[in-house]
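Next come the chains, spelled out residue by residue.
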Amino acid sequence: MAEVGPVADKVTSYFYALLFVRHPGLRPLFPPAMDAQRDRLLKALLTAAEHIDNTPVLVEYLQNLGRGHRKYGTRAEHYPAVGECLIGALNKYADAVWDADTEAAWVRTYTTISQVMIDAAAADELRAPPWWQAEVVSHDLRTPEVAVLTLRPDQPYPFRAGQYASLETPWWPRIWRHYSFASAPRSDGLLAFHVKAVPAGWVSNALVHRARPGDVVRLGPPAGSMTVDHTRDSGLLCLGGGTGIAPIKALVEDVAEHGARRPVEVFYGARSNHDLYDIDTMLRLQQTHPWLEVHPVVDRDGLLQLPDAIRTFGPWTAYDAYVSGPPGMIRSGVDALRGVGFPAERIRHDSVEELVASGS
Ligand SMILES: NC(=O)C1=CN([C@@H]2O[C@H](COP(=O)(O)OP(=O)(O)OC[C@H]3O[C@@H](n4cnc5c(N)ncnc54)[C@H](O)[C@@H]3O)[C@@H](O)[C@H]2O)C=CC1
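Everything numeric in this text was worked out from a predicted model, so none of it was measured. (Residues numbered from 1 in each chain as written. Predicted model: local features only at pLDDT ≥ 70, side-chain atom pairs only at ≥ 80, totals over all residues. Heavy atoms only, no water.)

Asker: Can you walk me through the UniProt feature "domain: FAD-binding FR-type" (unreviewed entry) in the chain in this structure?
Answerer: The positions UniProt marks with the feature "domain: FAD-binding FR-type" (unreviewed entry) are residues 129–229. A distance of 27 Å separates the end C-alpha atoms of residues 129–229, which is 9% helix and 38% strand. (UniProt positions renumbered as here; feature names shortened; annotations may be inferred. Helix = DSSP H or I, 4+ residues; strand = E, 2+ residues; numbered from the N terminus.)

Asker: Help me out: how do you make sense of the sheet that holds strand E5 (residues 191–196) in this one?
Answerer: Strand pairing within a sheet occurs via backbone hydrogen bonds; the two strands may be parallel or antiparallel. Strands sit in the order E4-E3-E6-E1-E2-E5 across an open sheet of six strands; the sheet is antiparallel. The sheet is open, and its two edges are formed by strand E4 (176–180) and E5, each paired on a single side. On average, each strand axis in the sheet is inclined to that of its neighbour by 40°, with strand direction left out of account. Inspection of the sheet shows strand E3 (residues 164–168) paired to E4 by five bridges, in the antiparallel sense. (Pairing = 2+ DSSP bridges. Axes fitted to C-alpha atoms, helices over the stretch in contact; angles between N-to-C directions.)

Asker: Where do I start with the packing of helix H3 (residues 55–68) against helix H5 (residues 100–125) in this structure?
Answerer: The description of two helices packed together rests on the angle between their axes and the distance between the axes. Relative to each other, H3 and H5 sit at 55°, their axes nearing to 7 Å. By the angle between their axes, H3 is oblique relative to H5. In this structure, H3 crosses over H5, and the sense of that crossing is right-handed. Two secondary-structure elements touch here, H3 through Val59, Leu62, Gln63, Leu65, Gly66 and Arg67 and H5 through Ile113, Val116, Met117, Ala120, Ala121 and Asp124. Partitioned by chemical class, the residues of the contact of H3 with H5 number eight nonpolar, two polar and two charged. (Parallel < 35°, antiparallel > 145°, perpendicular 65-115°, else oblique. Left-handed = near helix turned anticlockwise from the far one by under 90°. Contact = heavy atoms within 4.5 Å. Nonpolar A, V, L, I, M, F, W, Y, C, P; charged D, E, K, R; others polar.)

Structure, rendered in structure tokens:
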């Protein structure tokens, strides 16, 4: 991987060129514009390499990836074609260090990775569709850029509070973006998402400015491990920045449904009062649940940012932490939590790489 890093862009461009020339039938499985897709392949490889010594984490990551690939129409027989082109591209750009042993090691690695993905997809096929269709049943514009959407899936959609789904709109076929569920599973089966239209964000702009009740989107399977362990009785320290409050609200509902009296402290950060678009809901939840404290944190010209706020409260020794929001906030939130003594294994958040890829 060390040789590949500096020429990563070239490797991925060459890989896709090889793939589409040798296997033109696979082109329709990919989005028309390939820029974000190029990054994704490499991110997946780097994530796999990063966790190579932690088998359970790696296997779970790959299983999720395998299940998630069903919605693209990926089948088991596509994997060898991809592997052959990937190894062709690596060979070309890591020429200086490439020999028969290197090739054999990559073939072994790729075969193992793809087998885990293929097996997970096959197991998933027995219990879930590759994707769900979901109708927009309400669309509530909370600020000029933020909409809260409620969707009705065409069949039951099982998920856990704190997870996210990939979503494709009819206006940008084959372009999928991740959004966290903004509610715990509901008895009426409806799903809620908070979406902020970001500059040049095709999917987010379509969802905020174009989607209306009656429109139908597609959802991939649920993913993500920012979930509550109900076997523990530790408190929850939650940092939600901007639309990152969505999964935090879902976690609060989840704790409420489990009836446990664990303390939950929510720090809800925004750039201005106006951007605290869901504060009324959070304060209503606080009124209903004596174990819940909600602290709005509004940026003061960058002087007090959301992660700084946790230093003024505490101690947090009996808490697990949940962090959700823009990638920069997650990074500084994790730093701040480590700074006040949180061990890494008690901090949960979604992958920053996924968020960077999905923030549009
Ligand atoms: N599961 C998750 O982690 C979720 C993440 N998101 C992400 O949250 C983001 C929401 O964007 P906006 O509402 O525009 O947020 P924003 O840019 O308005 O920021 C929200 C809050 O985070 C703080 N913040 C932002 N950057 C920071 C940094 N580098 N260091 C410290 N604090 C920082 C701000 O001060 C503010 O309090 C999107 O990128 C979206 O993808 C949204 C939903 C769920």
